[in-house]
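Spelled out from the first residue to the last, the chains are:
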Amino acid sequence: MNFKTLYLKLYKYILNNKIIIFLLIITFLIELQGINHGLPDVTHPDEPLIITNARKIPSDPNPHFFDWPGNLQIYYTFFLFGLYFLFGFFSKNFHNLNDFKVQYYIDKTPFYLIGRLSTILFSLLIVFLTYNFTKKHFSKKAGIYASIILSSTFIFIKNSRYALPDIPMTFFLLLSFYFIYKIIESSNKFNYIFGGISLGLALSLKYNALVILPFFAVAYIIGNYKKNLKKFMTQSFLDINLYFFILSFLFGFFIGCPFCFLSFNEFLNNGILFQLKHQNLGHIGAEASGISWVYIIFEVFPRTLGIFIFLIFILSLFNFLKSINTKKFLLILIPFLYILLMGMSKVVFDRYVIPIIPFIAIICGVSLYELDLNLDNKLWKKIFFIIFSL
């Protein structure tokens, strides 16, 4: 492939996807605003857990931190710090490693900006993946609507400016869901391998990524044994794709959090058991008032989505139920199951809803597209979408 052919292909792609590219640029510029908030002081209590542990990796590759567990972010942040050192070294800003270490105590701003910029990158990847997923399985216009809704969600934009694992985990969670749909369509082993790796990486960032694990089982059954469940009960354990998925999932988790295996007792006590106690005993300032499910649906969602997107989501659920199919059913099942699990905990931070924001955006985007098809009157279309844009 010569340069001219590559240029023409790139030009054609940009021309066909100019709206989403424009939206990505706008989203990036919005998220970039205020990225240095608080610095050189750090106002978020959890950010130093990533940045400080990343700086300690050269002296001890075991972060000794398994709360979320967040280890994948610690490792890739350490890698980015390495690139920052090399850039500073070749540009004569750092003469040696000591200069680099001293820089943090003089001004920690560059280190936090690196972590925050990486989160912004993941947020843009989420918007792009949301668009592509919706475009592939529903329509291009639905993908555009879903991306606009996602980029308009307050909690998504706000948390894209922190060096925290919620946004990166959401990317890998959405990526794994992408392969769930592919498993339904095809029994290609690579769908199981990449789906398993994606879920393992998501879990190495935050434990709540496990919410999507049952969906792989559902996709496996639908894709292979939908017409013969008896065959599933007797032959599924012989299917090599099942083992590809399990091994890939464990591999992805090991890559992102190796010391969950190498220091298992520490991981069990300081990670799993700690989180179980934490969620059961509560957290001052982050506890649901009243019944957890009611608090999440009627207080957390309107506050984090914005009242207008929240109302669109509620109406979209009714629209999905009116014309339900396998793909729509799986989409609405994820928020339902996730809220169910959230409601079992006494601890409810607003950012806990971030992993299901892309799915909510997809549901809303598809419903708006279907509404668009049904609104024949151009005046009504204009009025509706002017209100939506406001």
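A brief look at the structure comes next. Predicted model, so just to flag it, every value in this text is computed and none were measured.

It is worth spelling out the packing of helix α16 (residues 292–305) against helix α18 (residues 326–342) at this point. For the pair α16 and α18, the least separation of the axes is 8 Å and the interaxial angle reads 115°. Here the hand of the crossing between α16 and α18 comes out right-handed. For the pair formed by α16 and α18, the contact residues are Trp-293, Ile-296, Ile-297 and Phe-301 on the first element and Ile-339, Leu-340 and Met-342 on the second. When grouped by side-chain class, the residues that make up the contact of α16 with α18 number seven nonpolar, no polar and no charged.

Enumeration over the complete set of coordinates arrives at one disulfide. What pairs with Cys-257 in a disulfide is Cys-260, and their sulfur atoms sit 2.3 Å apart. Negative torsions about the S-S bond denote left-handed disulfides, and the value of about 55° found for Cys-257 with Cys-260 makes this one right-handed. With respect to class, Cys-257 is no different from Cys-260; both count as buried.

Here we come to the packing of helix α6 (residues 109–137) against helix α7 (residues 140–151). The interhelical angle for the contact between α6 and α7, taken along N-to-C directions, is 150°, at an axis separation of 7 Å. Here α7 runs roughly antiparallel to α6, going by the angle between their axes. The crossing of α6 and α7 is right-handed. Here Ile-126, Val-127, Thr-130, Tyr-131, Thr-134 and Lys-135 of α6 come into contact with α7, specifically with Lys-140, Ala-142, Gly-143, Ile-144, Ala-146, Ser-147, Leu-150 and Ser-151. Split by residue class, the contact of α6 with α7 holds seven nonpolar, five polar and two charged.

In this section: the environment of Ile-167. Residue position: Ile-167 is located in helix α9 (residues 166–185). Take Ile-167: its relative accessible area is 0%, and that puts it in the buried class. Sequence spacing of Ile-167 and Leu-205 is 38 residues, and the spatial spacing of their C-alpha atoms is 9.6 Å. For Ile-167, the contacting residues outside a window of four places in its chain are Thr-119, Phe-122, Ser-123, Ile-126, Phe-156, Asn-159, Ser-160 and Ile-354.

Thresholds, definitions, all that
Residues numbered from 1 in each chain as written. Predicted model: local features only at pLDDT ≥ 70, side-chain atom pairs only at ≥ 80, totals over all residues. Heavy atoms only, no water. Axes fitted to C-alpha atoms, helices over the stretch in contact; angles between N-to-C directions. Helix = DSSP H or I, 4+ residues; strand = E, 2+ residues; numbered from the N terminus. Left-handed = near helix turned anticlockwise from the far one by under 90°. Contact = heavy atoms within 4.5 Å. Nonpolar A, V, L, I, M, F, W, Y, C, P; charged D, E, K, R; others polar. Disulfide = S-S within 2.5 Å. Buried < 20%, exposed > 50% of the residue type's maximum accessible area, 1.4 Å probe, protein only. Parallel < 35°, antiparallel > 145°, perpendicular 65-115°, else oblique.

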